[in-house]
Amino acid sequence: MDTIQVALVDDHRLFRSGIASLINNFKGYKVLFEAANGEELIRRISPKFKPDIILLDINMPVMNGTLTAKWLKNKYPDIGVIVLSMLDDAEKVLEMLKLGVKGYLLKDAEPFEVEQALEKVSQGEVYYPEFVARLLVDSINHPVDKNRLQVREIEFLKLASTELTYKEIAEQMSVSVRTVDGYRDALFEKLKVKSRIGLVLFSVKNQLIKL
């Protein structure tokens, strides 16, 4: 098996060093380089010098993880990006899903979880936290025929899968914020989900949107 090359992008040097040591001890993985932010990554990466996987911090100075993920999606869509975060933030997972990241690791994850994430992503699969998996399981256990949804509900679902706020969605749909809240709450009940990312996962599963 070829060695999987990994890059680390995180502004905390000690944390980065610890992760690098951990990864270099995993069989079949090697840290290609480290960077403190997105700008440093851009300076170091090239078509002839690029990793297979990037572990990407979200909160960094100069150029944060969101902007870096957008850049990578445009320039190097073949690289598997795994986000590193301190927060199990559903909205942040939603944002990163839309940017095509393949994994989401909490910074307090166990070493075996890091190895598992690297393995999944290196094989072309995805790795997300347990709470995202629960949302997926819920959507499978409570299937809803998308053809039974109202036209306006489908319109709302598509807009909810973007970065628009609920207020901006209301403006796009030419309705009040209260009406949008009504669509959201009705869909939460109908689809058996509890958050906006649950709505997005339903939309992805039923091909209402494409990542």
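Coordinates for the structure precede this section.
Only a predicted model underlies this, so the values are computations on that prediction, with no experimental measurement involved.

Some remarks on the overall build of the chain
Counting its secondary structure elements, the chain contains 10 helices and 5 strands. By residue count, 45% of the 211 residues in the chain fall in the buried class. In the chain, of all internal contacts separated by at least 6 residues, the share reaching a separation of at least 24 is 65%.

Focus: helix 3 (residues 65-75)
All buried positions along helix 3 are accounted for by Gly 65, Thr 66, Thr 68, Ala 69 and Leu 72. Seen along its axis, helix 3 keeps its buried residues to an arc of 160°; they face one direction. Residues of helix 3 that are exposed and point more than 90 degrees away from the buried face comprise Asn 74 and Lys 75. Sitting at the head of helix 3, Asn 64 places a side-chain oxygen 3.1 Å from the backbone nitrogen of Thr 66.

Structural notes on the nonpolar core
The biggest cluster of nonpolar side chains holds 24 residues, and the ones touching the most others in it are Val 9, Leu 41, Ile 45, Ile 54, Leu 56, Met 96 and Val 101. When near neighbours in sequence (up to four residues on either side) are disregarded, Met 96 contacts Ile 58, Gly 65, Thr 66, Ala 69, Val 83 and Val 101. Ile 4, Val 6, Tyr 29 and Ile 53 belong to the second largest nonpolar core, which has 19 residues in total.

A look at helix 5 (residues 111-122)
Between its terminal C-alpha atoms helix 5 stretches 17 Å, which fits the 16 Å expected from 12 residues at 1.5 Å a residue. Those residues of helix 5 lying buried are Val 114, Ala 117, Leu 118 and Val 121. The buried residues of helix 5 occupy one face: seen down the axis, they fall within an arc of 95°. Packing partners of the buried residues in helix 5 comprise strand 1 (4-9), helix 1 (13-25), strand 2 (29-35), strand 3 (53-57), strand 4 (80-85) and strand 5 (103-106). Gly 124 occupies a position one or two residues after helix 5 and carries a positive phi of about 85°.

Quick word on the pairing of strand 3
Most of strand 3 sits inside the fold, with 5 of its 5 residues counted as buried. Covered by surrounding structure in strand 3 are Ile 53, Leu 55 and Asp 57 together with Ile 54 and Leu 56, the residues of both alternating faces. Across 4 bridges, strand 1 lies against strand 3 in parallel orientation. Pairing of Val 6 across the sheet is with Ile 53, part of strand 3.

Side note on the sheet that holds strand 2
Sheet architecture is open: 5 strands sit in the order 2-1-3-4-5, paired in parallel fashion. What marks the edges here is a single partner per strand, and that holds for strand 2 and strand 5. On average, each strand axis in the sheet is inclined to that of its neighbour by 25°, with strand direction left out of account. Across 6 bridges, the pairing between strand 1 and strand 2 is parallel. Among the inter-strand pairings, Val 9 is bridged to a residue of strand 2, identified as Ala 35.

Observations concerning unusual backbone geometry
Even without glycine at this site, Val 62 takes up a positive phi of about 70°. Position of Val 62 relative to the elements: it lies in the loop between strand 3 and helix 3. Residue classification places Val 62 among the exposed residues on the basis of a relative accessible area of 60%. Of note, the phi angle at Ser 174 is positive, near 60°, even though the residue is not glycine. Mapped onto the fold, Ser 174 is located in the loop between helix 8 (166-173) and helix 9 (177-191). The class of Ser 174 is exposed, set by a relative accessible area of 67%.

Rules behind the numbers
- Residues numbered from 1 in each chain as written.
- Predicted model: local features only at pLDDT ≥ 70, side-chain atom pairs only at ≥ 80, totals over all residues.
- Heavy atoms only, no water.
- Helix = DSSP H or I, 4+ residues; strand = E, 2+ residues; numbered from the N terminus.
- Buried < 20%, exposed > 50% of the residue type's maximum accessible area, 1.4 Å probe, protein only.
- Contact = heavy atoms within 4.5 Å.
- Arc of directions from axis to C-beta.
- Polar contact = N/O pair within 3.5 Å; in protein donor to acceptor, adjacent residues only side chain to side chain.
- Core = buried A, V, L, I, M, F, W, Y, C linked by side-chain atoms within 4.5 Å.
- Expected span 1.5 Å × (residues − 1).
- Pairing = 2+ DSSP bridges.
- Axes fitted to C-alpha atoms, helices over the stretch in contact; angles between N-to-C directions.

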